[in-house]
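# Chains, contacts and geometry: an overview
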Amino acid sequence: TEEVVANWTTGKVGMTGTSYDGTLCIAAATTGVEGLEAIIPVAPISNYYDYYRSNGLVRSPDGYLGEDMDVLYDFIHTGDPAKRERNDREVRDKELVAKFDRKTGDYNDFWADRDYLKDMDKVQTAVLMAHGFNDWNVMTSHSQRFYQAAKEKGLPTQMYYHQNGHGGDPSMTMMNRWFTRYLHGVENGVEDLPQVYIVREHEREPTTYSAYPDPNAQDVILGLVNGKNNTGALVIGLTENRFMDTLTDDSSVEVSEMWEEKNADHRLLYLSPVLKEDVRLSGTPKVTVRLASSTPAANLSVYLVSLPWEKGKDIKIYDNIINRSWADPQNHASIREGKPLTPGEFVDVSFDLLPDDQVIRKGQQIGLMIFSSDSEFTILPAPGTQLVIDANGTSITLPVVGGMEALDNAF
């Protein structure tokens, strides 16, 4: 057999792409394939459980309510049409639908097999990640966890974050510099440049940082104070309250209207003082909610919002929504084994929100909003389930740049 030399290539390969194409960059890297030297995944999935589930809860990516692995399969299946019927039967129906457990949302071996970090030991590529902090389709945890794992492994890494939604490439200059260094071997000093680039709110060019999260960020615990009409206070430190707060699930209420007083029965809202200074959060907030449900199953949605809610064509998503996450109280003790709730019995549900880096402007209020079903993300049960929240056992931890002193000054 005659050997054919491809004189048009050095044998070194780079990959880039957005969303599913960005996921393919990660998937290829985790095979350890020879010749793949550099990747630039933009808004990629690194763990399919976190794409279609959230802390035990069946939760859809933004804009695709009800989608699951079988729908993704139908969308990306580009194989031989003659094999379609067999593949649908063997792959979609027997492998995906039969094993992804849409009934409970519990984590299982099916999902563990679809976490690319399990093959991180094979990754040898230089990794430049890119993601939007307000991407509620493929959420920021996907890029952050892969970037962090690559960094801890000692691979060449850089991170590019922006404040918009799904997609958003680094600049052509940044991408060209990366590929020039790791595909062509040009010593252009890219490894000596700042590790992290973040496009700040209402800016076009990124600000550089030494690391993400910001090394000056410190966790600050905030507690809750009861108030009238399901609207209380968000304060620094844990608190003691005299009564419980109760909300009634109704998924027909739009999230953009959930905070309004007319919908107070369907949510709990705890507000900070009006900020006297800007507050920058950098990192991953954590929340614990002590609750009891009137039914054996309930959705739990937690939003961190910036009020007053602003509307208009020029309003960015980060002007209203700071962060959010969802959880299944049935999984409060185990992500792998959810158990029906005993009506009226309190459980502590603890989970992370999403990695973020955002400035909440002076003059705004930070609001912690707790409700049940989310019309944009969760399964939508019949209304009426009641959640009782014990504010004494509920808190949120915020990664504040400047720590307690900065937040105290702003409050």
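This report concerns the structure included in the present document. Keep in mind that what you see is a predicted model, and the values were worked out from it rather than measured. (Residues numbered from 1 in each chain as written. Predicted model: local features only at pLDDT ≥ 70, side-chain atom pairs only at ≥ 80, totals over all residues. Heavy atoms only, no water.)

Helices and strands together make up the secondary structure of the protein chain, namely nine helices and 21 strands. A compact globule built from 411 residues would reach a C-alpha radius of gyration of about 22 Å, and the protein chain, at 23 Å, matches this within 12%. Along the three orthogonal principal directions, the C-alpha set of the protein chain runs to about 85 × 55 × 40 Å. For the protein chain, buried positions account for 53% of its 411 residues. A sequence separation of at least 24 residues applies to 75% of the contacts in the protein chain between residues at least 6 apart. (Helix = DSSP H or I, 4+ residues; strand = E, 2+ residues; numbered from the N terminus. Rg over C-alpha atoms; globule rule 2.2 N^0.38 Å. Buried < 20%, exposed > 50% of the residue type's maximum accessible area, 1.4 Å probe, protein only. Contact = heavy atoms within 4.5 Å.)

Before going further, it helps to examine the packing of helix 3 (residues 69-76) against helix 4 (residues 84-97). Two elements in contact, helix 3 and helix 4, have axes whose closest approach is 10 Å; the angle formed by their N-to-C orientations is 155°. Taken together, helix 3 and helix 4 sit at an angle that is classed as roughly antiparallel. You can see that helix 3 and helix 4 cross each other, and the crossing is right-handed. Taken together, the residues of helix 4 that come into contact with helix 3 (itself represented by Met 69, Asp 70, Tyr 73 and Asp 74) are Arg 84, Asn 87, Asp 88, Val 91, Arg 92, Leu 96 and Val 97. Broken down by class, the residue content of the contact of helix 3 with helix 4 amounts to five nonpolar, one polar and five charged. (Axes fitted to C-alpha atoms, helices over the stretch in contact; angles between N-to-C directions. Parallel < 35°, antiparallel > 145°, perpendicular 65-115°, else oblique. Left-handed = near helix turned anticlockwise from the far one by under 90°. Nonpolar A, V, L, I, M, F, W, Y, C, P; charged D, E, K, R; others polar.)

Here we take up unusual backbone geometry. Cis geometry marks the peptide bond from Tyr 212 to Pro 213; its omega dihedral reads -5°. Counting through the fold element by element, Pro 213 comes out in the loop between strand 8 (206-209) and strand 9 (217-225). Note the cis peptide between Leu 307 and Pro 308, where omega equals 5°. Relative to the elements of secondary structure, Pro 308 occurs in the loop between strand 15 (300-307) and strand 16 (321-327). In this structure, Asp 101 takes a positive phi of about 55° despite not being glycine. Locating Asp 101 in the fold gives a position in the loop between helix 4 and helix 5 (109-112). In this structure Asp 101 comes out as partly exposed when scored by relative accessible area, which is 24%. With phi around 55°, Asn 229 is a residue other than glycine that occupies positive phi space. The residue Asn 229 is located in the loop between strand 9 and strand 10 (231-236) in this model. Asn 229 gets classed as partly exposed once you look at its relative accessible area, which sits at 39%.

Taking strand neighbours across the sheet as the criterion, the six strands line up as 1-2-5-6-7-8 in an open arrangement whose pairing is mixed. Edge strands, defined here as strands with exactly one partner in the open sheet, are strand 1 (13-18) and strand 8. Averaged over all pairs of adjacent strands, the angle between their axes in this sheet comes to 15°, without regard to strand direction. Alignment of strand 5 (residues 126-132) against strand 6 (residues 157-162), held across six bridges, turns out to be parallel. Residue pairing across strands places Ala 130 opposite Tyr 160, the latter belonging to strand 6. (Pairing = 2+ DSSP bridges.)

Okay, the pairing of strand 1 next. Relative to strand 2 (residues 36-42), strand 1 runs parallel, the two being bridged by six bridges. Across the sheet, residue Thr 16 finds its bridge partner in strand 2, namely Ile 40.

Time to look at the side chain of His 162. Along the chain, His 162 falls in strand 6. Here Asn 164 takes part through its backbone nitrogen, which lies 3.1 Å from a polar atom of the side chain of His 162. Leaving out residues up to four positions away in the same chain, His 162 has contacts with His 131, Gly 132, Phe 133, Gly 167, Gly 168 and Val 199. (Polar contact = N/O pair within 3.5 Å; in protein donor to acceptor, adjacent residues only side chain to side chain.)

When you line up the elements, Leu 354 lands in the loop between strand 17 (347-352) and strand 18 (356-360). On the accessibility criterion, Leu 354 (8% relative accessible area) is buried. Separated by 215 residues in sequence, Leu 354 and Met 139 place their C-alpha atoms 7.3 Å apart. Those residues within four positions of Leu 354 in sequence are excluded, and the remaining contacts are Trp 136, Met 139, Thr 140, Ser 141, Gly 283, Thr 284, Pro 285, Asn 323, Arg 324 and Ser 325.

Now for the side chain of Thr 180. Looking at where Thr 180 falls in the secondary structure, it is placed in helix 7 (residues 172-183). Only 2.6 Å separates the side chain of Thr 180 from the backbone oxygen of Asn 176, close enough to count as a polar contact. Residues within four places of Thr 180 in sequence aside, it is in contact with Gly 185, Val 186 and Asn 188.

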